[in-house]
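Examining the three-dimensional arrangement
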Amino acid sequence: MLFSEQLRKAVDPIWEASFHHPFVKELGEGTLDLRCFRYYVLQDSYYLTHFAKVQALGGAMADDLQTTASMAHHAQNTYEAELRLHETFMKELGITEEEKASFVPAPTAYAYTSHMYRAAFAGHFGDVLAAILPCYWLYYEIGERLKHCKPNHPIYAKWIEAYGSDWFKQLVEQQIARLNDIAETVSAKDLERMKQHFWISSQYEYLFWDMAYKLEHWPIEEEDVYAKERA
Ligand SMILES: Cc1ncc(CN)c(N)n1
């Protein structure tokens, strides 16, 4: 069994939970509360900004220039396709510059991005790939599943179109093939660590939907902290 197949099998219950999460289901049905999607777009823009940096770090850690160039191309795609799509959503949802300026990453968005940096800084290129792959692959599978839904909200339809597209499929397939190539060359101990990164990222993907659906916030908001200081 290919390494990617072993990983996919190991996280199946976690991915199933994502497929059935109310955020994903209601997005497909077009019934998702726009407040949740608005919140998601802001948090996901933060996530994707760091995701692109981790892709670029991966490029710097790669053994050959061709892979470095390809990872840089992937980072550019995150910026030019996914982040631009979010920019469009932000305009359509009336998200203001003030809202963007006062943005605070939610605990889950902060923890997930921190996990990816940790995998990158404490490991090798294979660690980066294993940590970022669920981000590609899970969204691709969700795009495939939702592709046949016709939500009567244009924003949700656009989101599904992006992740159900051939363009996204190609990016996912490239990274899966790259991971399998690397898996052939590293030690059993490395593979175990990579498996764990993949598993943790899969858990965070689930938590990310949950974060947006529940409009997660820090237990003590900034104003409360300052109020305590003044007291
Ligand atoms: C949290 C998350 N995971 C994955 C993707 C798809 N690149 C995304 N936009 N956001």
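Residues numbered from 1 in each chain as written. Predicted model: local features only at pLDDT ≥ 70, side-chain atom pairs only at ≥ 80, totals over all residues.

Observations regarding the overall build of the protein chain
- Along the protein chain, the regular secondary structure elements total twelve helices and zero strands.
- Helices and strands appear in the protein chain in the N-to-C order α-α-α-α-α-α-α-α-α-α-α-α.
- The globule rule puts the C-alpha radius of gyration for 231 residues at 17 Å, and the 18 Å found for the protein chain is close to it.
- Split into buried and exposed, the 231 residues of the protein chain put 36% on the buried side.
- Considering only contacts in the protein chain between residues 6 or more positions apart, those separated by 24 or more positions represent 80%. (Helix = DSSP H or I, 4+ residues; strand = E, 2+ residues; numbered from the N terminus. Rg over C-alpha atoms; globule rule 2.2 N^0.38 Å. Buried ≥ 20, exposed ≤ 12 C-beta atoms within 10 Å, placed from the backbone. Contact = placed C-beta atoms within 7 Å.)

Considering the UniProt feature "domain: Thiaminase-2/PQQC" (unreviewed entry) in the protein chain
- Those residues carrying the UniProt feature "domain: Thiaminase-2/PQQC" (unreviewed entry) are residues 9-214 in this numbering.
- Secondary structure across residues 9-214 comprises 83% helix and 0% strand; the distance between its end C-alpha atoms is 28 Å. (UniProt positions renumbered as here; feature names shortened; annotations may be inferred.)

Some details on the site of the ligand
- Taken together, the residues surrounding the ligand are Asp44, Tyr47, Leu48, Glu82, Cys135, Tyr139, Glu205 and Phe208.
- Within the residue set of the shell around the ligand, elements represented by two or more residues are helix H4 (34-61), helix H8 (125-146) and helix H11 (188-213).
- The dominant element in the shell around the ligand, judged by the number of residues it contributes, is H4, at three residues.
- Residue composition of the shell around the ligand, by class: five nonpolar, no polar and three charged. (Near = placed C-beta within 6 Å. Nonpolar A, V, L, I, M, F, W, Y, C, P; charged D, E, K, R; others polar.)

Here's the deal with the nonpolar core
- One finds Phe51, Val128, Leu129, Ile132, Leu133 and Leu179 to be the most contacted residues of the largest nonpolar core, which totals 58 residues.
- The element contributing the most residues to this core is H8, with 14 residues.
- Once residues lying within four places of it in the same chain are set aside, the contact partners of Leu179 are Phe3, Ser4, Leu129, Ala130 and Leu133. (Core = buried A, V, L, I, M, F, W, Y, C linked by C-beta atoms within 7 Å.)

Some remarks on helix H10 (residues 166-183)
- Helix length check: H10 (18 residues) gives 26 Å between terminal C-alpha atoms against 26 Å at 1.5 Å per residue, within 8%.
- Tucked into the core, H10 has its buried residues touching helix H1 (3-10), H8, helix H9 (154-163) and H11. (Expected span 1.5 Å × (residues − 1).)

Quick word on the environment of Glu5
- Its place among the elements puts Glu5 in helix H1.
- Judged by the 11 C-beta atoms lying within 10 Å of it, Glu5 is exposed.
- Counting along the chain gives 171 residues from Glu5 to Ile176, while the straight-line C-alpha distance between them is 9.5 Å.

Comments concerning the packing of H4 against H8
- Viewed as axis vectors pointing N to C, H4 and H8 meet at an angle of 150°, and their least axial separation amounts to 9 Å. In this view, H4 runs roughly antiparallel relative to H8, as classed from their interaxial angle. The hand of the H4/H8 crossing is left-handed. Together, Phe51, Val54, Gln55, Leu57, Gly58 and Met61 of H4 and Phe125, Val128, Leu129, Ile132 and Cys135 of H8 make up the contact between the two elements.
- When the residues that make up the contact of H4 with H8 are grouped by side-chain class, the tally is nine nonpolar, two polar and no charged. (Axes fitted to C-alpha atoms, helices over the stretch in contact; angles between N-to-C directions. Parallel < 35°, antiparallel > 145°, perpendicular 65-115°, else oblique. Left-handed = near helix turned anticlockwise from the far one by under 90°.)

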